Amino acid sequence: MSNELTELWRRTSVLTGETPSVLLVDDEPTVLETLSHQLGTEYRVVTALDGMSALDALDRQGPFAVVISDMRMPDMDGIELLGHVRLRHPGLTRVLHTAQGDLASAIAAINNGQVFRFLCKPCPTRELRDTVRDAVEQHRLVSAEREILDKTLRASLQALFGCLELASPQAFARAGRIRDLVGALCRELGLNNVWEIEVAAMASQLGAVTLPPSVLEKLDRGLPLPEDEQKMIDAMPGIAARLLGEVPMLEDVVEIVSGLRPAGGAGQPALVAVDKPMVTVAVGVLRAAIEFEGFTSRGVTAENAIVAMGGQGDHDVAALAALRRIRGITTEQEEARAFRIGELEVGMRIAEDIVAVNGLVLIGRGISVTEMLLERLTNYKHIVELIEPVWAVVPAPTATRAAA
Amino acid sequence: MTAPDIRARIADLLVDGSAHEIAFIERLVASFLERAPVMLTDLETAIAAADASAAAHKAHALKGAAANLGASGVSGLCAEAERLADAGRLDEAGDHPDLLRSALAEAGDHFAEVLDDLRSGLPLVPRPA
């Protein structure tokens, strides 16, 4: 058997999307064949002859419910492999299958790999099947718990940012513009964890609810601020970090937001975790997006803003390059036009704040037009007089249709 | 004690005793018997070269393949050789290759016996040791 991955589609197996997948790792091919045979037809079984191939299989042939690994293998032993698996795929149930019956191996397997079970070689069929059945169930429970937590978290964040929208449409719109830019930058840079970085972008503006309207207005327009007002802006990431600090699964988001604090600002040093490359990169991207938003809000062109940011010398070079690429494309495609409120359509994007005649900003620029937003605007029109026309960007297909 | 271990292990691997499954067991045993002498030669070479790391690795590989089919005589000797190599006492493993050759031959006989029974439809377990 060559040193490559093998997927064993066994006799009379009827595999569906629901069939749990099990990854077997051992440098002895006959052990892999035997284990696969012992498992019967209830599982989709993939095998790997070494640790690197196993990690590759987890990335490309998943999702898996269970990984069963040999202990002593060349290059990467089972404990090291399961340690990597724990970090990269924490929901996967890990089982060590070993002839090393010694205490040191068991301790390392539990402490470093946090294994679910420890199987001794050669493993009797019943014990193997019982273990895999329990391991799959463990995976199901962990996944279900994670899914519930994930849904709760997303809904809670939606509610939190909904409150920001109600409290300060300007700040919410600014947060949305920064988030959209961060999302585009992440995609351009090929980054993972985009969701966390986008949440950090929105969260970075939560502190805006503490700003006096005059300061928020200046922030929104990218205007220079006196020292005392700048301190309020510098304190915003700290406020968000305190608000979100105890929320489960948002540890990286909090670290990203905390990383935005200026060194020595607000009485504390910046908290960028240098041992987490993702956080460091995310902070760089988010800082670039916030700064860019400030420049463009002041009316500076995208090109000049990027040149100015480059001159500051403290921005991530890759983020600036990505910014240049994505803005180059966007500016060619977008065109803002004047509309009456009643002419706005779903899919357009508000280009200038929609303001009441008394100066109150009702909808911030950058917000996409949705059915709900149209309904809100209609309601506003019954209560206050809005300044018209409003400016909105028409997406390309709509623009073509309108021209025709 | 090789025979009961081999017999018990192969009996344990049988799910339905179908022709397909018997063919699978035959293939597994044939693969082991074909590769084991090569693995043993590799181990012998490593012991002769006093290469403890290679010897431990080769002994471990043969141990795993043998244990997988219940050839505990072979796997036991390999475990000893691996332990000696890991402990830096490889010089004490000089006799192991010859002992392993005998154990492997013995295991081969028992595999043949068990496979004959399997093809004849005889029950593998229980059977007197």
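Residues numbered from 1 in each chain as written. Chains lettered and ligands numbered in written order. Predicted model: local features only at pLDDT ≥ 70, side-chain atom pairs only at ≥ 80, totals over all residues.

- With an unreviewed UniProt entry as reference, chain B is termed HPt domain-containing protein, source organism Planobispora longispora.

- The name given to chain A in an unreviewed UniProt entry is Response regulatory domain-containing protein, with Planobispora longispora as the source organism.

Quick word on the overall build of chain A
- Scanning chain A from N- to C-terminus turns up 16 helices and eleven strands.
- Per-residue burial for chain A yields a buried fraction of 37% across its 404 residues.
- A fraction of 64% describes how many contacts in chain A between residues 6 or more apart in sequence connect residues 24 or more apart. (Helix = DSSP H or I, 4+ residues; strand = E, 2+ residues; numbered from the N terminus. Buried ≥ 20, exposed ≤ 12 C-beta atoms within 10 Å, placed from the backbone. Contact = placed C-beta atoms within 7 Å.)

Describing the pairing of strand β5 (residues 93–98) of chain A
All names here are of chain A.
- With six of six residues buried, β5 is to be regarded as a mostly interior element.
- The side-chain alternation of β5 yields two buried faces, one formed by Thr 93, Val 95 and His 97 and the other by Arg 94, Leu 96 and Thr 98.
- By the bridge criterion, five bridges tie strand β4 (residues 66–70) to β5 in an arrangement that is parallel. From the neighbouring strand, Asp 70 faces β5, where its bridge partner is His 97.
- Of the crossover connections in this fold, the one passing from β4 over helix α3 (residues 78–88) to the parallel β5 is right-handed.
- Relative to strand β6 (residues 117–120), β5 runs parallel, the two sharing four bridges. Of the residues in β6, the one forming a bridge with His 97 is Leu 119. (Pairing = 2+ DSSP bridges. Right-handed = clockwise from strand over helix to strand, strands pointing away.)

Things to note about the UniProt feature "modified residue: Phosphohistidine" (unreviewed entry) in chain B
- Those places that UniProt annotates as "modified residue: Phosphohistidine" (unreviewed entry) correspond, in this numbering, to His 60 of chain B.
- Take His 60 of chain B: it is sitting in helix α3 (residues 52–68).
- The exposure class assigned to His 60 of chain B is buried, which follows from the 26 C-beta atoms found within 10 Å.
- The contact partners of His 60 of chain B, leaving out residues within four places of it in the chain, are Arg 72 of chain A together with Glu 82 of chain B. (UniProt positions renumbered as here; feature names shortened; annotations may be inferred.)

Some thoughts on the interface of chain B and chain A
- Taken together, the contact between chain B and chain A spans 18 residues of the former and 16 residues of the latter.
- Within the residue set of the side of chain B that touches chain A, elements represented by two or more residues are α1 (2–13), α2 (19–48) and α3 of chain B.
- Examining the composition of the side of chain B that touches chain A, we find that eight residues originate from one element, α3 of chain B, more than from any other.
- Of the residues in the side of chain B that touches chain A, the class split is eight nonpolar, seven polar and three charged. (Nonpolar A, V, L, I, M, F, W, Y, C, P; charged D, E, K, R; others polar.)

Examining the UniProt feature "modified residue: 4-aspartylphosphate" (unreviewed entry) in chain A
All names here are of chain A.
- As recorded in UniProt, the feature "modified residue: 4-aspartylphosphate" (unreviewed entry) lies at Asp 70.
- The residue Asp 70 is located in strand β4 in this model.
- A tally of 28 C-beta atoms within 10 Å means that Asp 70 is categorised as buried.
- If we skip the residues at most four places from it in the chain, Asp 70 touches Val 25, Asp 26, Asp 27, Gly 78, His 97 and Thr 98.

Brief notes about helix α11 (residues 251–258) of chain A
All names here are of chain A.
- Among the eight residues that make up α11, six are buried, leaving the element largely enclosed by the rest of the structure.
- Taken as a whole, α11 has its buried residues at Val 253, Val 254, Glu 255, Ile 256, Val 257 and Ser 258.
- Looking at the packing, one finds that the buried side of α11 touches α7 (194–203), α10 (236–244) and α12 (277–297).

Some words on the pairing of strand β11 (residues 390–393) of chain A
- As defined by bridge partners, strand β7 (residues 336–339) of chain A adjoins β11 of chain A across four bridges and the pair is classed as antiparallel. Across the sheet, the residue bridging to Ala 338 of chain A is Trp 391 of chain A, located in β11 of chain A.

Some points on unusual backbone geometry
Residue and element names in this part refer to chain A.
- Along the chain, Lys 121 connects to Pro 122 via a cis peptide bond; the corresponding omega equals -10 degrees.
- The omega angle of the peptide bond from Glu 388 to Pro 389 is 0 degrees, so this bond is cis rather than trans.
- Relative to the assigned elements, Pro 389 resides in the loop between α15 (371–383) and β11.
- The backbone of Asp 75 sits at a positive phi, close to 70 degrees, despite the residue not being glycine.

A word on the nonpolar core
- If you look at the biggest cluster of nonpolar residues, it comprises 57 residues, and the most contacted ones within it are Val 182, Ala 200, Val 285, Leu 286 and Ala 289 of chain A.
- No fewer than three residues from each of domain 2 (168–333) and domain 3 (334–404) of chain A sit in this core.
- One finds Ile 10, Val 29, Leu 100 and Phe 111 of chain B within the second-largest nonpolar core, a separate group that totals 39 residues. (Core = buried A, V, L, I, M, F, W, Y, C linked by C-beta atoms within 7 Å. Domains from an automatic or database assignment.)

Topic: the sheet that holds β11 of chain A
All names here are of chain A.
- The sheet built from three strands is open, its strands ordered β7-β11-β8 with antiparallel pairing. This sheet does not close on itself; its edge strands, each paired only once, are β7 and β8 (349–350).
- Where β8 meets β11, two bridges bridge the pair, whose relative direction is antiparallel. By the bridge assignment for β11, Arg 349 is matched with Val 393.

With respect to the environment of Arg 340 of chain A
Residue and element names in this part refer to chain A.
- Along the chain, the position of Arg 340 falls in the loop between β7 and β8.
- Here the alpha-carbon distance between Arg 340 and Glu 388, two residues 48 residues apart in the chain, equals 6.0 Å.
- In this view, Arg 340 contacts Glu 388 and Pro 389; residues no more than four positions away in its chain are not counted.

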